[in-house]
Amino acid sequence: MPSFHCITYGCQMNVNDSAWVARSLVKMGWTESEMETADFVFINTCSVREKPQHKVLSMLGIIRDTNPKASVAVAGCVAQQMGEKLWEKNAHVRLVLGSDGIAYAPQAFEKLAKNPKLRLSYLKFTKEFPDRKPELEFFRTVPVLPTGSAEESTKGNDTRAFVNIMQGCNNFCAYCIVPYTRGRQKSRPMASVLAECKEWLSRGICDLTLLGQNVNAYGKDNTGDTPHFTELLYETAKLEGLKRLHLVTPHPRDFCDATVNAYKELSVLAPRLHLPLQAGSDAILEKMGRGYTGRDFMRLVEKLRTARPDIALSTDLIVGFPGETEQDFQDTLRMMKEANFIASFSFIYSDRPGTRASKMSEKVDAKVSLDRLNRLMTLQNELAEDWLKSRVDMTTEVLLETKSARPKYSEVKDHSLDVETVKNVTEHMENDTENTSWQGHDTWGNTVNLIIPNSFGHKAGDIVSAKIVTAKKHSLLGELL
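What counts, and where the lines are drawn
- Residues numbered from 1 in each chain as written.
- Predicted model: local features only at pLDDT ≥ 70, side-chain atom pairs only at ≥ 80, totals over all residues.
- Heavy atoms only, no water.
- Helix = DSSP H or I, 4+ residues; strand = E, 2+ residues; numbered from the N terminus.
- Rg over C-alpha atoms; globule rule 2.2 N^0.38 Å.
- Buried < 20%, exposed > 50% of the residue type's maximum accessible area, 1.4 Å probe, protein only.
- Contact = heavy atoms within 4.5 Å.
- Polar contact = N/O pair within 3.5 Å; in protein donor to acceptor, adjacent residues only side chain to side chain.
- Pairing = 2+ DSSP bridges.
- Axes fitted to C-alpha atoms, helices over the stretch in contact; angles between N-to-C directions.
- Phe/Tyr/Trp six-rings, centres within 6.5 Å; stacked < 30°, edge-to-face > 60°.
- Lys NZ or Arg CZ within 6 Å of the ring centre and 35° of its normal.

Student: Looking at this model, I keep getting lost on the overall build of the chain. Mind explaining?
Tutor: For the chain, the count of helices and strands is 13 helices and 19 strands. Its C-alpha radius of gyration of 23 Å places the chain within 12% of the 23 Å reference for a compact globule of 481 residues. Dimensions along the principal axes, computed over C-alpha positions, put the chain at roughly 65 × 55 × 45 Å. A total of 481 residues make up the chain; the buried ones form 55% of that total. By sequence separation, contacts in the chain at least 24 residues apart represent 76% of the contacts at least 6 residues apart.

So, in structure tokens, the structure goes:
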């Protein structure tokens with residue numbers, strides 16, 4: 001049977017799609033392989049930012065040079081944009097799959113394997129969610145699932161799972177290409193969502209994330225068995241074995257009081273929420289077409305913190321949007337402080353073809369945008385470090401994921417120790433055969449490293465209680481309770 005290799009760019013939804021393609025192909029009898037030896041290479045693409053699109057075109061050249069015999073499938077947003085033009089200068093590209101077309105990937109690969117001269121494209125948007133079986137039942141007795149990455153598939157880190165509940169977006173924000181490459185919003189039937197959640201939980205997974213481009217608008221397109229998003233939250237929360245539930249990514253405009261109240265009533269709903277702000281200036285938010293003001297956003301933040309006082313927020317931010325002044329940027333910095341974001345994904349604005357913003361004048365100078373990004377990141381680093389320091393001496397639950405590099409031991413926390421003492425202690429730890437250094441995530445999504453005696457028999461996917469003893473720059477050190 002043929003071999004395959006997956007390369008993924010972009011969002012968690014793309015990662016999820018690639019993992020599903022990998023499971024489907026393995027179920028068909030195909031094998032995962034390194035790129036240099038694979039018969040077929042599957043590239044799942046992103047065009048939300050400019051750089052990933054360039055990476056895709058560059059990767060096609062790399063594949064041609066390093067594995068001339070390989071056939072290539074290009075899927076996702078870049079494939080949706082470029083379509084069959086990808087065939088013009090790339091003879092090894094035999095399959096083009098738009099965002100909805102990924103659902104047809106397994107059968108398309110099978111056709112290509114049987115007919116070496118065949119080329120296929122699936123570029124039409126579907127009217128309903130392009131549902132597919134999660135392909136989990138076939139792997140019920142297999143400890144490690146195919147992930148779409150030959151390297152990742154050997155790690156055995158099967159601790160958290162993502163479940164797609166919708167695709168596409170109806171918002172048409174001025175800067176965003178998603179509605180053009182992912183199509184209009186399509187909600188997945190709730191029965192299908194819950195069935196996949198149950199499959200993951202049956203594997204021992206206890207941490208689930210409901211996934212969508214505009215996840216809390218679920219059900220608003222009124223297709224199929226799609227109730228309100230809040231109802232889906234409550235039904236998912238009832239599932240046996242679920243201990244943590246996340247949602248990615250919501251839109252502030254679609255956050256209703258019922259969903260806010262769920263953070264008060266549902267103990268499994270994790271107190272960590274990614275809430276995209278994009279900009280702090282009302283003038284820029286209006287040009288972006290976000291549908292809320294800074295005051296609206298902060299009112300939502302206050303409601304969330306009233307419902308769940310311990311909630312931690314992260315966000316998305318764009319600097320250098322057309323027409324952004326220094327005062328507009330200062331408004332963004334001010335709101336970052338008010339919202340006290342513990343993390344952010346921040347980017348310099350770049351034109352995406354076909355969007356309203358790409359036609360706007362008053363483009364911000366690249367040097368000015370870079371300076372603003374650096375200042376924003378400096379502030380974000382300060383907020384993140386303050387947040388981690390506030391965790392010290394707290395008790396938390398840590399989901400164990402992987403064995404971490406050895407000397408991340410909580411015992412080495414006294415910075416007053418001389419170099420020779422630290423060296424001796426570290427060498428002792430590295431030779432320690434009775435304990436293992438583990439890495440995991442706490443309830444708020446912070447990375448936590450801690451030491452666990454091997455005699456306890458813990459494994460990836462277990463949740464343990466720990467006390468945080470030290471805050472590092474990007475992570476925490478804990479002690480097992």
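Alright, that's what it looks like, and here's the rest.
Student: Where do I start with the environment of R253 in this structure?
Tutor: In this fold, R253 is placed in the loop between strand 11 (244–248) and helix 8 (257–265). Residue classification places R253 among the partly exposed positions, given a relative accessible area of 38%. A distance of 2.3 Å separates polar atoms of two side chains, one belonging to R253 and the other to N171.

Student: Hey, could you run me through the side chain of D17 in this one?
Tutor: Counting through the fold element by element, D17 comes out in helix 1 (residues 12–27). Leave out the neighbours within four places in its chain, and D17 touches N44, I102, R132, N164 and R182.

Student: Can you help me understand the sheet that holds strand 7 (residues 160–164) in this one?
Tutor: Strand pairing within a sheet occurs via backbone hydrogen bonds; the two strands may be parallel or antiparallel. Taken together, three strands build an open sheet; the order of strands is 7-10-11 and the sheet is parallel. Edge positions in the sheet fall to strand 7 and strand 11, since each has one partner strand and no second. Here the strands of the sheet are splayed against their neighbours by 25° on average, with no regard to which way each runs. Pairing analysis gives five bridges linking strand 10 (residues 207–211) to strand 11, with the strands arranged parallel. What sits directly across from T209, in strand 11, is H246. Its contacts with the sheet put helix 6 (residues 190–202) on strand 7 and strand 10, and the angle it makes with strand 7 is roughly 165°. Its contacts with the sheet place helix 7 (residues 229–237) against strand 10 and strand 11, and it is angled at close to 155° to strand 11.

Student: Whenever I open this one, the packing of aromatic side chains confuses me. Can you help?
Tutor: Between two aromatic rings, the relevant description is the distance of the centres plus the angle of the planes. In this structure the tally under the stated criterion is 11 aromatic pairs. An angle of 85° between the planes, with centres 5.7 Å apart, marks the rings of W30 and F109 as edge-to-face. Note that W30 is positioned in the loop between helix 1 and strand 2 (31–32) and F109 in helix 4 (residues 105–114), a separation of 79 residues in sequence. Of the two residues, W30 and F109, neither departs from the other in class, the shared state being buried. On the basis of an interplanar angle of 80° and a centroid distance of 5.0 Å, the ring pair of F138 and F139 is categorised as edge-to-face. Following the ring pairs from residue to residue traces out a cluster consisting of W30, F40, F42 and F109. The lysine or arginine in question, R391, covers the ring of W387, its NZ or CZ lying 3.7 Å from the ring centre.

Student: What is the right way to read the pairing of strand 16 (residues 435–441) from this model?
Tutor: Each regular strand carries side chains that alternate between the two faces of the sheet. For strand 16, the tally of buried residues reaches six of seven residues, placing the bulk of the element in the interior. One ladder, built from four bridges, connects strand 15 (residues 395–403) with strand 16; its direction is antiparallel. By the bridge assignment for strand 16, L400 is matched with G440. As paired strands, strand 16 and strand 17 (residues 447–453) are joined by seven bridges and run antiparallel to one another. Directly across from G440, in strand 17, lies its bridge partner V448. If you look at the hairpin formed by strand 16 and strand 17, you'll find five residues sitting between the two strands, and G445 has a positive phi there, around 85°.

Student: How should I be thinking about the sheet that holds strand 4 (residues 71–76) in this particular structure?
Tutor: Reading across from one edge, 2-1-3-4-5-6 is the order of the six strands in this open sheet, with parallel pairing throughout. Only two strands of the sheet have a single partner each, and these edge strands are strand 2 and strand 6 (120–122). When strand 1 (residues 3–8) meets strand 3 (residues 40–45), the two strands line up parallel, connected through five bridges. Its bridge partner being in strand 3, F4 is matched across the sheet by F40. Of the strands in this sheet, strand 1 and strand 3 are in contact with helix 1, which crosses strand 1 at around 175°.

Student: Just to check I follow, could you spell out the pairing of strand 13 (residues 312–319) for this structure?
Tutor: Burial runs high along strand 13: eight of the eight residues are buried. Residue alternation in strand 13 divides its side chains into two sets, A312, S314, D316 and I318 and L313, T315, L317 and V319, and both sets are buried. The sheet contact formed by strand 12 (residues 272–274) and strand 13 spans three bridges and is parallel. Bridge pairing in strand 13 places L273 opposite L313. Alignment of strand 13 against strand 14 (residues 343–348), held across six bridges, turns out to be parallel.

Student: Would you mind showing me how to read the environment of I318 here?
Tutor: Within the secondary structure, I318 is located in strand 13. Relative accessible area serves as the criterion here: at 3%, I318 is assigned to the buried category. In sequence terms I318 and N16 are 302 residues apart; their C-alpha atoms lie 25 Å from each other. Here I318 is in contact with Y175, Q278, M288, E324, F347 and Y349, once residues within four sequence places are set aside.

These figures come from the coordinates and say nothing about function on their own.
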